[in-house]
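Each chain, letter by letter, is given below.
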Amino acid sequence: MSARSEPLRRRLVTVLLAGALLPVGLAGCGIPDQTEVQVDGRGPAGESGSLNGSGSQPPTRSATEDPKEFIRDYLAAAAGEREQAYDRVKQFIANEAQGRLRKKQSSEVELTVVRLLESPESRLLTNQGLWQVKVRVQQVGVLRADGTLDAPAARETEYVFQLRPADSGSQGLVITDLPNVLLLSDEALRQYYGTHTIYFWNSDQNRLVPDWRYLPNAVPVERRVTEVVRWLTGGPSEWLAPGVTKVPDGTAPINNATRSDDRWEVNLTMPAASDDRLAKLATQLAWSLPELSGQLDLKIQNQKRRTVDLRQERADHPVYPTLRAPERFCVYDGAIHPLAIASEPVGAVPVEGDANRNVVSAALSRSGDQVLAALVTRSGQQQRLLVGTGPNPVNVFNGSSHAYRSIGRPIWLRSADVRHPSGLVVADGTLYQFDGDAGMSRVAIPGQVPVSGSVTAVAASLDGHRIALIIGGALYVAPVTVDGGEVSVGAPRPLTTRLTRLTAVDWYAENQLVFAGSDGRLPAIYQTTVDGAGEYALNRDTGATVSHLAAFPGGAVGPLPSLSYMYQATAAYRNNPIGKIERAQVRDVAADAKPSDPSAPFFFY
Amino acid sequence: MVTSPPPDSPTAAPRRLPAARALWRVLAGRTARLAAGVHQTWRRSLQVRVVSITLVASSLLVGGFAYLIADKLTNILLENAETDVLLRLQNGSDYASKQFNLYSQPQEAQLQDTIDGTVNYLAGGDPAQTSGVVVAITADNFAGYIESRTSPDVQVRPLISRELRASVAAGNVAHQVRTGTLDGQRTKYLVYGSPVPTRFGQVELYYLVPLARQDATAADARATVVATGAALVLLLGLLAALVTRLVVTPVRVAARTAQRLSAGLLDQRMVVNGEDDLALLAASFNQMATNLQRQILRLEEMSRLQRRFTSDVSHELRTPLTTVRMAADLIFAERDEFDPAVARSAELLQAELDRFEELLTDLLEISRFDAGFAMLDSEPTDLVPVVHRVAERLAGLAERVGVAIELDLPDSPVIAEVDPRRVERVLRNLVGNAVEHGEAKPVRITLGMDQSAVAITVRDHGVGLKPGEEKLVFNRFWRADPSRARQTGGTGLGLSISLEDARLHGGWLEAWGAPGQGAQFRLTLPVRAGDRLTTSPLRLVPADATLPFGGPRDGGLLAIGPGTGAGALAVGPAEGTDRAEVAP
């Protein structure tokens, strides 16, 4: 064991050890349990700046000492994005009263929309600055999370608030007692919300039916697409639901619709998404997003299934059949005569001369090349409906089997089904449908319509699937479906108006109604939206009860200045331009006709 | 083996310590024995060495390759996963960015819904279908407004390290491998993070992809590589063993043959197979053995002839010498009648004839040794009377030269199994020499004994021996001073014969001497005939001998330093200091 071999042995031991350790090292060279942070590069840079949405924001609690002003602000505070509605409203409420208003889930937030009938009344209760404010209101409806304004649920006509000065440190007032609903005035609704029309297919999937929605102005434009998609997949307004088809069950948007370079992308889940369904949905989207004109990619479960050129889609699939220029007519001396007002085109009466006698009122409509004519004629004390269809001029008329004491103005439903023309008419307080052969049958009106009230007027929208009714002097809208000539009416939704004892109504625009009634003292003509929220007076004093009201609803698509209507009160009147319909404006009057007043003016389109 | 003491025993600890020590000692002893055994095997077996070295070297090589391959595989797997996830992350970040760009305020409540939806969308909806990928969106900057969301809903915070969060918050796309428990079992995750720019600031998107599959694949590959490597190493070891065996076996045969040859079996030969190198070795070996055998036989013959010659010459000389002797005796008896010069010649003749006879006797004795005819006639003998006898017989000579013979003998008998005739001859020779060279100073004979050996030393104080002469004195006809004429007895063969006698006993005969200090001879013999000697009961160097430098002081140190001559060492008593120091 010399000293010489000692290092040799040590080296040998080292080598042996290394050999033994190798497998250990090998076992350790798998994926490590933990590594250092490795940077792959810079992330994407953001584009800053805010969106050009918003518009005006609802008022916050101001420092006003005027309780009436304060309550007005309070009634507007809930407007805007509904998630923060409670937070905004609670700024107005004293700490001790915060519990009165229980917070709900964002999707359950409902705003009770009321119309202030008069300015709030305030009363000082104590010397410590305790106020009581009474607000007399009319229930307009319930604004739901999906932007629909449903028929009012509450019946209160008066809300009472108590106010006290704000705690030291801040100015103004706070509410100490309040109704436990989120209130929104119709003014605030108009001011802080935008209205959007979206379209649903009718039950035959051949006609788009407008639905009317509210969206806070605070929502940026970019998000409106998402909202529209949500609305479309969420289904129509409650009242409209019986008349239209929903998108297939289970259809729901996946996240937001996004835009890149003027190209929108909508991702949906849709069970059994056939091309046909997608095509229908594409048309719905195109019309529901009228402000967009670019491309829209429709993805189903992340798979791009259809690309829609929105402008092209709208051009290819119009909502309504093209309208010809409307022609004005009136009844003069028991016969239909054209009216010549200003430089508008004057049409020829599309009714053969023999039938054009003893006419009380009439409804003319075009359906393709056909003319649909419904005339209410008088014979003695009785009135009878004559209906004729055919090419212009119509010469074959059928009379209704029954005669009635009084028949209101008939209307044609502009159904897509041209083979089964049908219309509605009110006779002796009952709603009837009639067909091309003047066969009249009663139309049942479902729902809890006051039985005592009788139907006095009916009007149909341009799409032919919504009607406005006056039942018992109150205004209703209802969906209508025509199935093989059989008309069925859905449950009517009441519209709240300032007017009472309504007498006449017509469809004024796509989502606007014009109606006549009494504001309590004077007969007046008002206009309102299809949900009754946006009401204002067109004519505060018509001089006499309006017995007849006809409007041209195609303003948006037709050549006539929009929002045109004519009515008969003491005489026949018109707007656009406003004025009385003079005898001289009646054309084709036979020389031997005895002078009378023009009456029952109407549009032919 | 080791039984742990009951834990509640209070006396366990003190008792445990000695037990542990004992165990340690046993273990250390075994280990040392094992190590020694291994070491011996290592030194003795070429095959073991070659196989071991082959195993170690091939292990290193194969292990290195295996490590490289396994490492590469793991890296590829990881890189693939990273590439996949990065792609997903980029797409996800784009998507999330588009989604969140619709919001300009973190407070907007629908933002949270969008985050939920985005996370679910990116995670692929159904957690059962997403193979464990977890997607998370966090918004550390807007903690008050935006809640982090994860899909599937698991707690991912512990998996996203603070460093990664900081890196992503700084606007980097970064990743990290982390191990954690999300769905019940501990898994490695590749955590990838990317910032998602929005109009109101930055939120962070994380993908957590489980690496279980990659890990399993890597483990599989590793196991395969290790198994293959191990098999390869074993194969190489076997191969090395086989090859070594092919080489070592003939070498072992050669070694055995050489051993037999050296043991005197001169006709041993190796078997020659084939024509390869080993066959050449065997042939050469055989040729060498043949040559050696021939040479040895020749030398043996020559040696035999020489001894025979010496023996024959001695015998042949003895017969005429006997005749000459008788004549010389006659002349010597009648010398008084001759004139003094002739009488003187007769005396000289008588003396030289005595020496001649002695010389012949010694020569015959030597030739008997050389011929191997010397026989040991051992019997248990008390050596004390032997010494007395020798001393008495030489007393006359001693008296003549004025040398006192001192005896230092034990009181008890010293019994050893020896041939008394030969021992006496050796002693006579040694004491005679001592008396002759004693220069009138006392000669001391000492007898010592221990369990295995007896020893006799003979000390004189004559001129002594020069360095190197201790060996030469045993040579035949050696003289310290060749120019000096042989005056006294001494044939020059006495010490040679004594050495042969000692060897015949299996004993030693050694000499010590120093100029001016006299000399000492020591005869050491085994107590039992045939035993091997290891030590001697008496010292060869006498106690009164002085070292060349005078010797160290009692208890002092020796200083060893460079000497005067080249490469010589100087040894002397250390000076002044009582510390041992080693000079460089």
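## Describing the overall build of chain A
Then comes step 1: Counting its regular elements, chain A contains 7 helices and 39 strands.
Then comes step 2: Looking at chain A as a whole, 46% of its 605 residues are labelled buried.
Then comes step 3: A separation threshold of at least 6 residues defines the contact pool for chain A, and within that pool the share at least 24 residues apart is 56%.

## Details of the overall build of chain B
Then comes step 1: A count of helices and strands for chain B gives 12 helices and 14 strands.
Then comes step 2: Here chain B, with 584 residues, has 29% of them falling under the buried criterion.
Then comes step 3: Restricting the contact set of chain B to residue pairs at least 6 apart, pairs at least 24 apart contribute 64%.

## Describing the nonpolar core
Nonpolar side chains in soluble globular proteins tend to end up buried together.
Then comes step 1: In terms of nonpolar packing, the biggest core is built from 127 residues, with A:Ala362 and A:Val505 touching the most fellow members.
Then comes step 2: Both of domain 2 (195-316) and domain 3 (327-585 + 599-603) of chain A provide at least three residues apiece to this core.
Then comes step 3: If sequence neighbours within four positions are ignored, A:Ala362 has contacts with A:Val331, A:Ile336, A:Ala373, A:Ala374, A:Leu375, A:Val376 and A:Phe602.
Then comes step 4: Among the nonpolar cores identified, the runner-up in size contains 52 residues, and B:Ala96, B:Phe100, B:Tyr207 and B:Ala218 belong to it.

## Some thoughts on the sheet that holds strand β21 (residues 398-399) of chain A
Residue and element names in this part refer to chain A.
Then comes step 1: Strand order in the open sheet formed by 4 strands is β18-β19-β20-β21, with antiparallel pairing between adjacent strands. Each edge of the sheet is formed by a strand with only one pairing partner; in this case those strands are β18 (359-367) and β21.
Then comes step 2: Relative to strand β20 (residues 382-391), strand β19 (residues 370-379) is paired through 10 bridges, and the arrangement is antiparallel. What sits directly across from Thr377, in β20, is Arg384.

## So, the interface of chain B and chain A
Then comes step 1: Opposite the 51 residues of chain B that make contact, chain A presents 42 residues.
Then comes step 2: Broken down by secondary-structure element, the contributors of at least two residues to the side of chain B that touches chain A are α2 (46-100), α3 (109-123), α4 (162-169), β3 (172-181), β4 (186-198) and α5 (212-262) of chain B.
Then comes step 3: The leading source of residues in the side of chain B that touches chain A is α2(B), at 15 residues.
Then comes step 4: Here strand β1 (residues 38-42) of chain A pairs with β3(B) via 4 bridges, running antiparallel. Its bridge partner being in β3(B), A:Gln38 is matched across the sheet by B:His175.

## Remarks on the sheet that holds β3(B)
Then comes step 1: Pairing within the open sheet is antiparallel, and its 6 strands lie in the order β1(A)-β3(B)-β4(B)-β5(B)-β1(B)-β2(B). Whereas interior strands pair on both sides, the edge strands pair on one side only; in this sheet they are β1 of chain A together with β2 (149-151) of chain B. The sheet shows a mean angle of 20° between the axes of neighbouring strands, direction not considered.
Then comes step 2: As paired strands, strand β1 (residues 134-138) of chain B and β2(B) are joined by 3 bridges and run antiparallel to one another. Considered in β2(B), the bridge of B:Ala136 is made with B:Thr150.
Then comes step 3: This element, α2(B), spans β1 of chain A together with β1, β3, β4 and β5 (201-210) of chain B of the sheet and lies at about 35° to β4(B).

## Re the environment of A:Pro523
All names here are of chain A.
Then comes step 1: Mapped onto the elements, Pro523 comes out in strand β33 (residues 523-529).
Then comes step 2: When the 21 C-beta atoms within 10 Å are taken as the criterion, Pro523 is described as buried.
Then comes step 3: Linking Pro523 and Val546, residues 23 residues apart in sequence, is a C-alpha distance of 7.4 Å.
Then comes step 4: If near-sequence neighbours (up to four positions away) are discounted, Pro523 is found in contact with Ala516, Ser518, Asp541, Thr542, Ala544, Thr545, Val546 and Ala569.

## So, α5(B)
Residue and element names in this part refer to chain B.
Then comes step 1: Between its first and last C-alpha atoms α5 spans 71 Å; for 51 residues at 1.5 Å apiece the expected length is 75 Å, and the two agree.
Then comes step 2: Of all the bends in α5, the greatest measures close to 30° and is centred on Arg245.
Then comes step 3: Listing the buried residues of α5 in full gives Gln214, Ala218, Arg222, Val225, Gly229, Val233 and Pro250.

## Observations regarding the packing of helix α6 (residues 277-333) of chain B against helix α7 (residues 340-371) of chain B
Residues and elements named next belong to chain B.
Then comes step 1: In contact at an axis separation of 9 Å, α6 and α7 are set at 155° when each is read in the N-to-C sense. Judged by the angle between their axes, α6 and α7 are roughly antiparallel. Along this stretch, α6 crosses α7, giving a crossing that reads as left-handed.
Then comes step 2: Each residue belonging to the contact of α6 with α7 can be placed in one class, and the counts come to 14 nonpolar, 5 polar and 6 charged.

## Some points on the pairing of strand β24 (residues 430-435) of chain A
Residues and elements named next belong to chain A.
Then comes step 1: In this structure, strand β23 (residues 422-427) lies alongside β24, joined through 6 bridges in antiparallel fashion. Among the inter-strand pairings, Ser422 is bridged to a residue of β24, identified as Asp435.
Then comes step 2: Where β23 hands over to β24, the hairpin turn is made up of 2 residues, of which Asp428 adopts a positive phi near 50°.
Then comes step 3: Direction of pairing for β24 relative to strand β25 (residues 440-442): antiparallel, over a ladder of 3 bridges. Across the sheet, Tyr432 pairs through a bridge with Arg442, a residue of β25.

## A look at the packing of helix α10 (residues 420-436) of chain B against helix α12 (residues 494-504) of chain B
Residue and element names in this part refer to chain B.
Then comes step 1: It is the contact of α10 with α12, at a shortest axis distance of 9 Å, that shows an interaxial angle of 145°. The handedness of the crossing between α10 and α12 comes out as left-handed. Counting all contacts with α10, which are made through Arg422, Arg425, Val426, Asn429 and Leu430, the residues of α12 involved are Gly494, Leu495, Ser498, Asp501, Ala502 and Leu504.
Then comes step 2: In terms of residue class, the contact of α10 with α12 is made up of 5 nonpolar, 3 polar and 3 charged.

## Some points on unusual backbone geometry
Then comes step 1: A:Asn392 connects to A:Pro393 through a cis peptide bond whose omega is -5°.
Then comes step 2: Residue placement: A:Pro393 occurs in the loop between β20 and β21.
Then comes step 3: A cis amide bond, omega -5°, links B:Ser151 with the succeeding residue B:Pro152.
Then comes step 4: Along the polypeptide, B:Pro152 turns up in the loop between β2 and α4.
Then comes step 5: The backbone of A:Asn255 shows a phi angle near 60°, a positive value even though the residue is not glycine.
Then comes step 6: The phi dihedral of B:Glu439 is positive, around 55°, even though this residue is not glycine.

## Here we look at the confidence of the model for chain B
All names here are of chain B.
Then comes step 1: The share of residues in chain B with pLDDT of 70 or more is 88%, and the mean pLDDT across the chain is 83.
Then comes step 2: Contacts from residues 1-9, a stretch scored under 50 in pLDDT, to residues over four places away or in other chains number 4 contacts.
Then comes step 3: Considering only residues more than four positions removed or in separate chains, one finds that residues 576-584, a stretch of pLDDT under 50, has 2 contacts.
Then comes step 4: In the model output, the complex is listed with pTM 0.67 alongside ipTM 0.75.

## Looking at the environment of B:Val154
All names here are of chain B.
Then comes step 1: By the secondary structure assignment, Val154 is in the loop between β2 and α4.
Then comes step 2: By the C-beta count within 10 Å, which is 17 here, Val154 ends up partly exposed.
Then comes step 3: If near-sequence neighbours (up to four positions away) are discounted, Val154 is found in contact with Val134, Leu182 and Asp183.

## What to know about the pairing of strand β8 (residues 415-418) of chain B
All names here are of chain B.
Then comes step 1: Burial along β8 is one-sided: Ala416 and Val418 are buried, while Ile415 and Glu417, pointing the other way, are not.
Then comes step 2: Of the strand pairs in this sheet, strand β6 (residues 379-382) and β8 are connected by 4 bridges, and their pairing is antiparallel. Bridged to Pro380 within β8 is Glu417.

## Digging into the environment of B:Leu538
All names here are of chain B.
Then comes step 1: In this fold, Leu538 is placed in the loop between β12 (518-526) and β13 (558-562).
Then comes step 2: Exposure remark for Leu538: the 21 C-beta atoms within 10 Å place this residue in the buried category.
Then comes step 3: Residues Leu538 and Ile456, spaced 82 residues apart in sequence, show a C-alpha to C-alpha distance of 7.6 Å.
Then comes step 4: Those residues in contact with Leu538 that sit more than four places away from it in its chain are Thr446, Gly448, Ala455, Thr457 and Arg522.

Criteria and cut-off values
Residues numbered from 1 in each chain as written. Chains lettered and ligands numbered in written order. Predicted model: local features only at pLDDT ≥ 70, side-chain atom pairs only at ≥ 80, totals over all residues. Helix = DSSP H or I, 4+ residues; strand = E, 2+ residues; numbered from the N terminus. Buried ≥ 20, exposed ≤ 12 C-beta atoms within 10 Å, placed from the backbone. Contact = placed C-beta atoms within 7 Å. Core = buried A, V, L, I, M, F, W, Y, C linked by C-beta atoms within 7 Å. Domains from an automatic or database assignment. Pairing = 2+ DSSP bridges. Axes fitted to C-alpha atoms, helices over the stretch in contact; angles between N-to-C directions. Expected span 1.5 Å × (residues − 1). Bend = angle between axes of the 7 residues up to and from the residue. Parallel < 35°, antiparallel > 145°, perpendicular 65-115°, else oblique. Left-handed = near helix turned anticlockwise from the far one by under 90°. Nonpolar A, V, L, I, M, F, W, Y, C, P; charged D, E, K, R; others polar. pLDDT = per-residue confidence, 0-100.

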